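# A closer look at the structure
Chain by chain, the residues:
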Amino acid sequence: MTTDITATLRSLRVWDPEVTTLPPFDPATAPDDPLPLFAEWLAGAAAAGQPEPHTMSLATADDAGRPDVRIVMLHGADADGWSFATHSVSRKGTQLAARPYAALCFYWPLLGRQVRVRGPVAVAPADEAQAGLRVRSAGALAAALTGRQSAVLPSLDELTRASEAAWEQAREAPDTPAPTWTLYRLRAREVEFFQGDPDRRHLRLAYRRADDGADTGGAWSRLLLWP
């Protein structure tokens, strides 16, 4: 049986009014710093019932400049940056080691909203990564202890054995460190807020760091972009 991709695509709707509400957004009232607006939009997405509003696309590039993207979870956002975690030996970990710059994208279709973030990435202190892992679930620790992320898996049986051992370790010794588990912080140079409009006059508000010759710091400037 072959599925007709074109027919499937034509049957789909974007921002179906039965499930989507496109809220008003006045860029003139936006704060001088993007972080408070991001916090407001994230809370709004959660209140609207958006599934997993804290997940985001993370784009990196390999040593040849070829892009890569995957979904990860936001661990925090503050003056130090947008935080996420992974193994330093994973594909994204090795890519960030070679090219410490990345882009994030949040998409909340229930509100027709996106937030895009770009900037340099730095490694947080190791004790912060381990502390963050300890306050999460036993499953999160077990997954981290299973390790070998992105390496070739010889068989599903081997994964089962490694995972079962990691689960046992996580339950019996919840303070067990996961040595390669690493917390990363993206220090934004650009943050863009996108609000969908039913008449396709979408609003795009971009925050950009003033060009002070450095990867971090500098005041924010705000500008509107054509949709």
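Refer to the structure above for everything that follows.
All of the points below concern the structure found in this document. Everything quoted here is computed from the prediction, not taken from an experiment.

### Some thoughts on the overall build of the protein chain
The secondary structure content of the protein chain amounts to 6 helices and 10 strands. Counting only C-alpha atoms, the protein chain reaches 55 × 55 × 40 Å along its principal axes. Per-residue burial over the protein chain gives 36% buried out of 227 residues. Counting contacts in the protein chain only where the partners sit at least 6 residues apart, residues at least 24 apart contribute 64% of the total. As presented, the protein chain carries roughly 13,300 Å² of accessible surface, and 54% of it is formed by carbon and sulfur atoms. Averaging the coordinates of the 24 positive side-chain charges in the protein chain and doing the same for the 28 negative ones gives two points 4 Å apart.

### A closer look at the nonpolar core
In this structure, Trp82, Val115 and Val191 are the most contacted members of the largest nonpolar core, which totals 29 residues. Ignoring sequence-local partners within four residues, the contact set of Val115 consists of Phe38, Trp41, Leu104, Cys105, Phe106, Trp108, Val191, Glu192 and Phe193. Ala85, Ala142, Ala144 and Leu183 belong to the second-largest nonpolar core, a separate cluster that totals 13 residues.

### Focus on the packing of aromatic side chains
In this structure the tally under the stated criterion is 10 aromatic pairs. Where Phe25 meets Trp41, the ring centres are 5.2 Å apart and the plane angle is 75 degrees; that geometry is what we call edge-to-face. Remark: Trp41 occurs in helix H2 (residues 34–47) and Phe25 occurs in the loop between helix H1 (5–11) and H2; sequence separation between them is 16 residues. Look at Phe25 and you get buried, because its relative accessible area is 13%. Among the residues examined, Trp41 registers a relative accessible area of 0% and is labelled buried. Feature note: the residues Phe25, Trp41, Phe193, Tyr207 and Trp220 constitute an aromatic cluster, connected by ring pairs. Taking NZ or CZ as reference, Arg113 lies 4.0 Å from the ring centre of Trp41, over its face.

### Digging into the pairing of strand S4 (residues 81–87)
Of all the 7 residues making up S4, 7 are buried; the element is thus mostly covered by neighbouring parts of the structure. Bridge analysis of strand S3 (residues 76–78) against S4 gives 3 bridges, and the strand direction is antiparallel. Its bridge partner lying in S4, Gly76 is registered against Ser83. Between S3 and the antiparallel strand that follows it, S4, lie 2 residues. Taken together, the 6 bridges between S4 and strand S7 (residues 181–186) define a ladder with antiparallel strand orientation. Its bridge partner lying in S7, Ala85 is registered against Leu183.

The rules behind these values
- Residues numbered from 1 in each chain as written.
- Predicted model: local features only at pLDDT ≥ 70, side-chain atom pairs only at ≥ 80, totals over all residues.
- Heavy atoms only, no water.
- Helix = DSSP H or I, 4+ residues; strand = E, 2+ residues; numbered from the N terminus.
- Buried < 20%, exposed > 50% of the residue type's maximum accessible area, 1.4 Å probe, protein only.
- Contact = heavy atoms within 4.5 Å.
- Areas by Shrake-Rupley, 256 points an atom, 1.4 Å probe, with all protein chains shown as cover.
- Lys, Arg positive; Asp, Glu negative; His and termini not counted.
- Charge placed at Lys NZ, Arg CZ, Asp CG, Glu CD.
- Core = buried A, V, L, I, M, F, W, Y, C linked by side-chain atoms within 4.5 Å.
- Phe/Tyr/Trp six-rings, centres within 6.5 Å; stacked < 30°, edge-to-face > 60°.
- Lys NZ or Arg CZ within 6 Å of the ring centre and 35° of its normal.
- Pairing = 2+ DSSP bridges.

That is the geometry; function is a separate question.
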